[in-house]
Amino acid sequence: MTTVRKAVIPAAGLGTRILPATKSIPKELLTLVDRPMISYVVEEAVGAGCTDVIIVTSPGKAALEEYFRPAPELEAILERKHKDELLAAVREATELANVTFVTQDEPLGLGHAVACARDAIGDEPFAVLLPDELFGGPSLVRGLIDANARFDASVIAVMEMPRNEISAYGVVDPEPVDESIVRMKGFVEKPPADEAKSNLGSVGRYVLTPEVFDALTRTKPGAGGEIQLTDAIAAVGGYALIHRGRRRDAGNPRGYVAAFVELARERGFPV
Ligand code: G1P
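Predicted model, so just to flag it, every value in this text is computed and none were measured.

Engineer: What is the right way to look at the overall build of the protein chain in this model?
Structural biologist: Per the secondary structure count, the protein chain includes ten helices and 13 strands. A compact globule built from 271 residues would reach a C-alpha radius of gyration of about 18 Å, and the protein chain, at 19 Å, matches this within 12%. Across its three principal directions, the C-alpha atoms of the protein chain cover 60 × 40 × 40 Å. Within the protein chain, buried positions represent 49% of all 271 residues. Sequence separation of at least 24 residues holds for 76% of the intrachain contacts in the protein chain that already meet a minimum separation of 6. Carbon and sulfur atoms provide 52% of the accessible area of the protein chain, an area that totals close to 13200 Å². Measuring between centres, the 30 positive side-chain charges of the protein chain sit 3 Å from its 39 negative side-chain charges.

This is the structure in structure tokens:
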């Protein structure tokens, strides 16, 4: 089985869609039932075989780092009180993966955030998981890893989007390969709907080859004045895997509430 060892989770954004909560709480720490959003995403990366998780954060998000640090005093109390389940849950954050942090000093865009992880990644394929989207398990990232090995190229996850939503996404100009894979003839960040080459919008999971880092150094600010990951991927080319399963976008109030309620129901809470 091929493996991709390292995963980047860009978590440096301002979380403006969930203000005012995100004024003092990093968006990635908002809870879904009893765990912060980001812990589901770390678990997804680990489930897909990744052992090292690099979180790109920004100044002022110290609480995010703290969540992944051991808490010896709390652990000692839980141990003394024989609260074994809680102790295991608390330790999970530090034991699940080798989590490290790099700081993006300025909010220059998703592409710039991923470029900040370059030294931590080195010269090997790596996964990128956007932390406000949940896919309910590791199978999508696993599929991207397998496709990366098959084509020896970057592979992004896409979904068939309604036409009226397509301009919120990176959009692929596809050349069919098989039932669930297309080759990208082009990849454009947030095109106007009438210029979109397909209804395939990129969702927040990628497995990229390290050539993307060189492309990022050449990438000029694009859509929204930001350095876009989409533009760097378009420059190196690659494939897209069509995901036909579930996706939860918890990065806006409506999606966040829906994700919370659905996950609570799955856990047996009467909501
Ligand atoms: C980002 C990416 C975009 C992608 C989207 C998926 O945009 O830039 O290509 O389609 O995530 O959610 P954002 O939603 O952060 O504006």
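From this point, the discussion proceeds with the structure in view.
Engineer: Mind showing me how you'd approach empty space enclosed by the protein here?
Structural biologist: The rolling of a water-molecule-sized probe over the atoms marks out the regions of remaining empty space. By the definition in use, this model includes one cavity of 30 Å³ or more. Space inside the largest cavity adds up to approximately 50 Å³. If you go around the largest cavity, the residues you meet are Ser-39, Val-42, Tyr-67, Phe-68, Glu-92, Ala-93 and Leu-96. Of the residues in the lining of the largest cavity, the class split is five nonpolar, one polar and one charged.

Engineer: So what exactly am I meant to see when it comes to the site of the ligand here?
Structural biologist: Near the ligand you find Leu-110, Leu-130, Glu-133, Tyr-169, Gly-170, Glu-189, Lys-190, Ser-202, Gln-228, Thr-230 and Arg-247, and these make up its full shell. In the environment of the ligand, an oxygen atom lies 2.6 Å from a nitrogen or oxygen atom belonging to the side chain of Glu-189. Between an oxygen atom of the ligand and a side-chain N or O atom of Thr-230, the distance comes to 3.3 Å. Here the ligand, which alone exposes 380 Å², has 79% of that area covered by the protein. Counting atoms within 2 Å of the grid points, the majority share of the ligand lands in the largest pocket. Residues of the shell around the ligand, tallied by class, amount to three nonpolar, four polar and four charged.

What counts and what doesn't
Residues numbered from 1 in each chain as written. Predicted model: local features only at pLDDT ≥ 70, side-chain atom pairs only at ≥ 80, totals over all residues. Heavy atoms only, no water. Helix = DSSP H or I, 4+ residues; strand = E, 2+ residues; numbered from the N terminus. Rg over C-alpha atoms; globule rule 2.2 N^0.38 Å. Buried < 20%, exposed > 50% of the residue type's maximum accessible area, 1.4 Å probe, protein only. Contact = heavy atoms within 4.5 Å. Areas by Shrake-Rupley, 256 points an atom, 1.4 Å probe, with all protein chains shown as cover. Lys, Arg positive; Asp, Glu negative; His and termini not counted. Charge placed at Lys NZ, Arg CZ, Asp CG, Glu CD. 1 Å grid on protein atoms, 1.4 Å probe; cavity = no way out; pocket = protein on both sides within 12 Å on 5 of 7 lines; lining within 4 Å. Points joined across faces, edges and corners; volume = space filled by probe spheres on them. Nonpolar A, V, L, I, M, F, W, Y, C, P; charged D, E, K, R; others polar. Near = heavy atom within 4 Å. Polar contact = N/O pair within 3.5 Å; in protein donor to acceptor, adjacent residues only side chain to side chain. Sits in = over half its atoms within 2 Å of the grid points.

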